[in-house]
Amino acid sequence: MIPYEIRSTLHLSLSLSLYFIPNSSPGEKFEGLKMIPPGNHYVFYSAVSKQGNIASRIGFFHDFTPQEVVVKEYDALQEMLLDSNGHVPDKDGLKALDSSLAPYPYQHYQKWCSLTTHITMTTVTRIQPRCINIYSATPLLHNPNAAADVETAVSVEEKLDANFIQDDDIIMNFSKLDTKKDMKGLSPKEITQFYMDPSAHIDKLIAQTGTESELLGELEMAFVVFLLGHVYTAFEHWKQLVGVICRGRQSLHDRPSFYKDFIRTLHYHLKETPSDFFVDIVSRNNFLTSTLKVFFETVREELDLEVELMERATKFRSYLEKRFEWDFGYDEDDAPVVVEM
């Protein structure tokens with residue numbers, strides 16, 4: 001991959017490796033990357049001002065094929081990497097560039113594969129925005145109906161927000177987690193049972209994404225886009241998916257292979273990130289510990305589950321208790337209450 005005509009300072013990263021491109025630095029010559037393993041990779045970058053201020057991240061997924069040459073031109077005005085159709089080097093040009101191309105750091109490759117086991121081009125095509133680029137800070141468009149919307153706005157904040165609208169082309173197309181729609185028409189008892197066991201909702205999500213693996217691919221893509229791209233809405237979606245999957249009681253019986261893969265996926269999400277980084281994010285509302293506590297207790301209570309699934313859940317629990325010092329001890333006061341009406 002060759003970023004062409006970069007005359008500005010830029011932070012550039014491919015998957016888990018960060019590169020600093022200076023606008024001119026004697027003795028340093030970085031013209032791009034070579035020996036990139038085939039498959040999906042996440043490329044992201046940030047412009048850096050002369051004062052050292054780093055702009056928000058912009059990223060995109062690319063499915064690299066063997067021997068492929070990808071050339072990007074940097075537009076300093078938009079602070080974006082754009083496709084370049086006129087500067088693809090021939091064989092001699094590539095030989096001349098070879099000494100200035102950094103080899104892909106294979107020490108990070110296994111980690112990248114562990115985080116993206118289920119992500120396919122189908123996953124990427126389904127979820128990525130229409131514009132392909134994924135923004136950590138959402139660009140806003142001017143609202144053509146701003147005058148009328150400002151008139152109807154009540155608070156100062158609403159009046160300010162009325163001047164702008166979100167660009168639909170940059171929205172990530174995650175699966176819809178509309179639990180309220182699923183609960184429409186249910187009795188209070190059925191609603192309580194739905195929250196205790198949203199297995200029917202898990203079935204709908206798998207039908208919506210196509211396969212069990214695709215749903216796990218969506219979970220992985222949401223995590224990677226948050227971890228590397230700093231997209232907070234992706235983290236919120238990741239949390240929602242984890243919350244629904246962890247509460248699925250009947251699904252544990254119906255989809256043991258799915259849950260074994262889910263545990264492996266979640267294990268790598270927690271293993272391959274700094275412990276203090278992840279704990280800081282979840283500690284505000286203790287989301288992950290409470291959610292996983294429900295999951296482990298459900299596995300403990302369902303005695304006729306597949307043995308391998310139970311063993312994997314037990315090992316995962318032990319790993320988390322040791323690494324993060326989280327307490328998953330059972331408390332009778334935490335037991336759910338079914339509403340009878």
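Quick caveat, the model's predicted, so the values are computed rather than measured.

Topic: the overall build of the chain
Then, in step 1: Counting its secondary structure elements, the chain contains 15 helices and 12 strands.
Then, in step 2: The buried share of the chain, reckoned over its 341 residues, is 43%.
Then, in step 3: Pairs at least 24 residues apart make up 70% of the contacts formed inside the chain by residues separated by at least 6 positions.
Then, in step 4: As presented, the chain carries roughly 18400 Å² of accessible surface, and 52% of it is formed by carbon and sulfur atoms.

So, the pairing of strand β6 (residues 58-64)
Then, in step 1: For β6, the tally of buried residues reaches 5 of 7 residues, placing the bulk of the element in the interior.
Then, in step 2: Note: strand β5 (residues 39-48) against β6, 7 bridges, orientation antiparallel. Following the sheet pairing, Val43 is matched in β6 by Phe60.
Then, in step 3: Pairing of β6 with strand β10 (residues 134-135), which is carried by 2 bridges, proceeds in the antiparallel orientation. Paired with Gly59 across the strands is Ile134, a residue of β10.

Looking at the packing of helix α10 (residues 232-246) against helix α12 (residues 256-271)
Then, in step 1: At a closest axis distance of 12 Å, the pairing of α10 and α12 adopts a crossing angle of 140°. Put simply, α10 runs oblique to α12. When the axes of α10 and α12 are compared, the crossing they make is left-handed. Residues Trp238, Val242, Ile245 and Cys246 of α10 pack against Phe258, Tyr259, Phe262, Leu266 and His269 of α12.
Then, in step 2: Looking at the contact of α10 with α12 residue by residue, the class counts come to 8 nonpolar, 1 polar and no charged.

Some thoughts on the environment of Leu292
Then, in step 1: Mapping Leu292 onto the fold places it in helix α14 (residues 287-301).
Then, in step 2: The class of Leu292 is buried, set by a relative accessible area of 0%.
Then, in step 3: Considering only alpha carbons, one finds Leu292 and Arg247, 45 residues apart in sequence, at a separation of 8.9 Å.

Remarks on the pairing of strand β8 (residues 80-83)
The side chains of a regular strand alternate, first on one face of the sheet and then on the other.
Then, in step 1: Taken together, the 4 bridges between strand β7 (residues 71-75) and β8 define a ladder with antiparallel strand orientation. Pairing of Tyr74 across the sheet is with Leu81, part of β8.
Then, in step 2: Counting the residues that bridge the hairpin from β7 to β8 gives 4 residues, and of these Glu79 lies at a positive phi of roughly 55°.

Some words on the pattern of salt bridges
A side chain of one charge can pair with a side chain of the opposite charge if their charged atoms are brought near each other.
Then, in step 1: Under the defined criterion, the tally for this structure stands at 16 salt bridges.
Then, in step 2: Across the pair Asp98 and Lys34 runs a salt bridge, and its minimum N-O distance is 3.3 Å. Taken together, the residues span a long stretch of sequence, with Asp98 in the loop between α1 (91-97) and β9 (101-103) and Lys34 in strand β4 (residues 32-34) at a distance of 64 residues.
Then, in step 3: Judged by its relative accessible area of 37%, Asp98 is partly exposed.
Then, in step 4: A salt bridge links Arg300 to Glu297, with the shortest nitrogen-to-oxygen separation between them at 2.6 Å. Taken together, the positions of Arg300 and Glu297, both in helix α14 and 3 residues apart, correspond to about one turn of that helix.
Then, in step 5: Where salt bridges share partners, they join Lys260, Glu306, Glu308 and Arg312 into one cluster.

The rules behind each value
- Residues numbered from 1 in each chain as written.
- Predicted model: local features only at pLDDT ≥ 70, side-chain atom pairs only at ≥ 80, totals over all residues.
- Heavy atoms only, no water.
- Helix = DSSP H or I, 4+ residues; strand = E, 2+ residues; numbered from the N terminus.
- Buried < 20%, exposed > 50% of the residue type's maximum accessible area, 1.4 Å probe, protein only.
- Contact = heavy atoms within 4.5 Å.
- Areas by Shrake-Rupley, 256 points an atom, 1.4 Å probe, with all protein chains shown as cover.
- Pairing = 2+ DSSP bridges.
- Axes fitted to C-alpha atoms, helices over the stretch in contact; angles between N-to-C directions.
- Parallel < 35°, antiparallel > 145°, perpendicular 65-115°, else oblique.
- Left-handed = near helix turned anticlockwise from the far one by under 90°.
- Nonpolar A, V, L, I, M, F, W, Y, C, P; charged D, E, K, R; others polar.
- Salt bridge = Lys/Arg side-chain N within 4 Å of Asp/Glu carboxyl O.

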